[in-house]
Amino acid sequence: MGGPHGGPFLLFLVLCFLLTLLEVGSQNSKACALWCPPNSSCVNGTACRCAPGFISFSGEIFTDPLESCDDINECGPPSPVDCGSSADCQNTEGGYYCTCSPGYEPVSGPAVFQNESESTCRDKDECSSGEHRCHNSTVCVNTVGSYTCHCHQGWVPKPGFQDKQKNTICEEISFPAWTAPPGIKSQRLSAFFERVQKMSRDFKPATAKKSMQDLVGSVDDLLKNSGDLESLGQSSKHVTATHLLSGLEETLRTLAKAIPKGSFTYRSDDGTELSLVVQEQGKGNVTVGQSHARMLLDWAVAAAAGESGPSVVGILSSQNMKKLLANASLKLDLEKLKETYESPVRGAKVTLLSAVSSVFLSNTNTEKLDSNVSFAFTLHEQPELKPRQELICAFWKNDGNGNGSWATSGCWKMGSGNGSITCQCSHLSSFAILMAHYDVEDPKLALITKVGLALSLACLLLCILTFLLVRPIQGSRTTVHLHLCICLFVGSAIFLAGIENEGGEVGTRCRLVAVLLHYCFLAAFCWMSLEGVELYFLVVRVFQGQGLRKLWLCLIGYGVPLIIVGISAGAYSKGYGREKFCWLNFEGGFLWSFVGPVTFIVMGNAIIFVITVWKLTQKFSEINPDIKKLKKVRVLTITAIAQLFVLGCTWVFGLLLFDPESWVLSYVFSILNCLQGFFLFVLYCLLNKKVREEYRKWACMVAGNRYSEFATTTSASGSSHNQTQALRPSESGM
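Just so we're clear, the structure is a prediction, and the values are computed from it rather than from any experiment. Per-chain numbering applies: the sequence of each chain, read as written, is numbered from 1 onward. Local features in this predicted model are restricted to residues whose pLDDT is 70 or higher, and side-chain atom pairs enter the listing and the counts only when it is 80 or higher, whereas totals over whole chains, interfaces and linings include all residues. Note: side-chain values were computed over all heavy atoms of the structure, leaving out hydrogens and water.

Trainee: Mind showing me how you'd approach the sheet that holds strand E4 (residues 61-62) here?
Mentor: Strands belonging to one sheet form pairs held by backbone hydrogen bonds; the direction of such a pair is parallel or antiparallel. We call two strands paired when DSSP finds no fewer than two bridges between them. Secondary structure follows DSSP: runs of H or I at least 4 residues long count as helices, runs of E at least 2 residues long count as strands, and numbering of each begins at the N terminus. Judged by pairing direction, the sheet is antiparallel, and its three strands sit side by side in the order E1-E2-E4 without closing on themselves. Each edge of the sheet is formed by a strand with only one pairing partner; in this case those strands are strand E1 (40-44) and E4.

Trainee: Hey, could you run me through the state of the cysteines in this one?
Mentor: Note: disulfide means a covalent bond formed between the sulfur atoms of two cysteine side chains. To count as a disulfide, a pair of cysteine sulfur atoms needs to be within 2.5 Å. In this structure the tally under the stated criterion is eleven disulfides. Residue pairing for Cys36: its cysteine sulfur links by disulfide to Cys48, the two sulfurs lying 1.6 Å apart. Its torsion about the S-S bond being -80 degrees, the disulfide of Cys36 and Cys48 is classed as left-handed. Of this pair, Cys36 sits in the loop between helix H1 (6-30) and E1 while Cys48 sits in strand E2 (residues 47-50), and the two are twelve residues apart along the sequence. Given the relative accessible area of 0%, Cys48 is considered buried. As a non-bridged cysteine, Cys463 has Cys685 as the owner of its nearest cysteine sulfur, 4.0 Å distant. For every residue, the accessible area (1.4 Å probe, protein chains only) is compared with the maximum for its type, and the residue is labelled buried under 20%, exposed over 50%, or partly exposed between those bounds.

Trainee: Quick question: what am I supposed to make of the packing of aromatic side chains here?
Mentor: By convention, a stacked pair of Phe, Tyr or Trp rings (six-membered ring in the case of Trp) has centres within 6.5 Å and planes under 30 degrees apart, an edge-to-face pair has planes over 60 apart, and any other such pair is tilted. According to the stated counting rule, one finds 16 aromatic pairs in the structure shown. Taking the centre distance of 6.4 Å and the plane angle of 25 degrees together, the rings of Phe681 and Tyr695 count as stacked. Residue Phe681 is found in helix H16 (residues 676-686), and its partner Tyr695 is found in helix H17 (residues 689-703); the two are separated by 14 residues along the sequence. On the basis of relative accessible area, Phe681 is assigned to the buried category, the value being 11%. A ring pair is formed by Tyr695 and Trp698, whose centres lie 5.8 Å apart and whose planes are at 50 degrees; its orientation type is tilted. Of the two residues, Tyr695 and Trp698 are both situated in helix H17; the distance of three residues between them amounts to about one turn of the helix. One aromatic cluster is present, formed by Phe521, Phe525, Trp583 and Phe594 through successive ring pairs.

Trainee: Explain the pattern of salt bridges to me, please; I cannot follow it from the model alone.
Mentor: Close approach of charged atoms lets side chains of opposite charge pair. When a carboxyl oxygen of Asp or Glu is within 4 Å of a side-chain nitrogen of Lys or Arg, the pair counts as a salt bridge. All told, the structure shown has 13 salt bridges when counted by the stated rule. Residue Arg188 pairs with Asp221 through a salt bridge whose shortest N-O separation is 3.4 Å. Here the residue Arg188 occupies a position in helix H3 (residues 187-202), and Asp221 occupies one in helix H4 (residues 208-224), the gap between them amounting to 33 residues. Judged by its relative accessible area of 24%, Arg188 is partly exposed.

Structure (structure tokens):
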């Protein structure tokens, strides 16, 4: 080895070793398979590159062994891929492809592509191709990229389904069930609902317009020729009106869905008008109306929640509905009115000035609307407003028990002019323009009435005690005066305690108070008539006889008014009681059951007094007249005439001349009514000498003093002397 060839050989070995080392180093620099993740390739010994369609957190090339290559979603934003507006991008592992969107099909090019330029998509008509899944109760309507299933004309979606959906199932529109209100007995009403049932049986969606016209005509016929509906009580009439209004709204709303889209107007021979609009849901305002009323509202209000079909807006205006709504009560905002009139308002009498207009929409939840609805109501008569009168926008409010009343909450008047009133409301119902005449309580008048009646009751009680306890004046005329005061006392007490009907409803209590007042005041006038009869026997019969016996006086004084009240109550019991006061009702002439007898009594007594004065004049002109007797008879006649004047004038003011709008007459009537007891006490007690002597005697006994013997002797001799007079004891002492 140490020969001449050993050096080169050694050098060769060294070179081979070095080359081996270099190759091993080169392999070590490219050995990345141990830590490069899937979907990547080695770059060198320290870096890896993600495959196309993948990327790491650091980018395409990364050096961190903990990173991975994740798929790039070429279809997600931001994306450079452009499949076109009618195609959808589908991401794949490391790539993507484009296909036409559902409802579209390729016109040219492949079904799968990667750019809009490679293929074009167009709408596919599923309805004509038969690829739709619409139920046989619907009709397929192609849309851009899809289709919907619509109900046929005269059909509506079944419960639980919506129109214009791919799964819509429809059913034919049927006439709503509508029966007579329970508890109302009326042949005319029963006949009307028999006609409604016949319409229901014969109804076909194709004749919906004709059915609506027939329904409006039937309602007109019912209200125009109301028959036995007129004999129903006010409450029953209001129940009937409430049932008719709600039933009409529901029926017309349903039938309107069966007619073609557009507007429809109908005017009956009796002036009832129906106007409605049917169209697809949309935005903006719509105006509906006719000669009686017009309505402006937002279409968004008309659509029912969750309903995708056409929306209905309608208004029905009827003049004949006034017959059932007459004398209906009005619910007032008493606090607001109290601030306006600066006095408590006890109620209001209302007068209908416009047709009753019922509004119906597809939307049945109209108690609180998202936007207000504007109305313009035509006034068929222009009233001249007087004090305490106001024109108001009112609606018919169902109380939940089938009855109803007028109310104003949520409605307000915007203005008036050219024979119309403009209103706005935040809810919908049946509307009308009312003229309200407010019953404003006068605190001064109320105080005068209460204090005056209390004084009158005290005086009447003194009269009653006087007639019972003062023995020197006992007689038939005292009996008449006693029972007259008893009747007035009981009547005034009932008047003071129960004349006002606070609830507004005429119930049993109010009717009983009215009956008792009718009886007591009639009895008072009957006893006053007996006063005239007593004078007739005294003067016309030339002082012969003692008049009627006590039994006959009581039979006439209490029996005659009992018969009158009994006949009145039996003939028309609803005539007792009014909305504000428990007194006789003015309707149907029922007040004449009181005014008639009172007028007869007053006229009869007036005739008797004229005859009495004429006879007294003749007696005074005789040659030897009994001046003492004649003077006493004259005094009795004057007191009787004064009594007639006090009682008669009071009720003349109250019944014949009393004007509720006249404050002067109201004060005059209240003062006269309250002072009746005081006047009678003055006439029959304070002006009677015997009564004054008894009062003086009682006063002295209370004070602990005794009459002097002279006073006692004088009183006794006067009493003994008067008891022997030809005149009755009660006729002396004046």
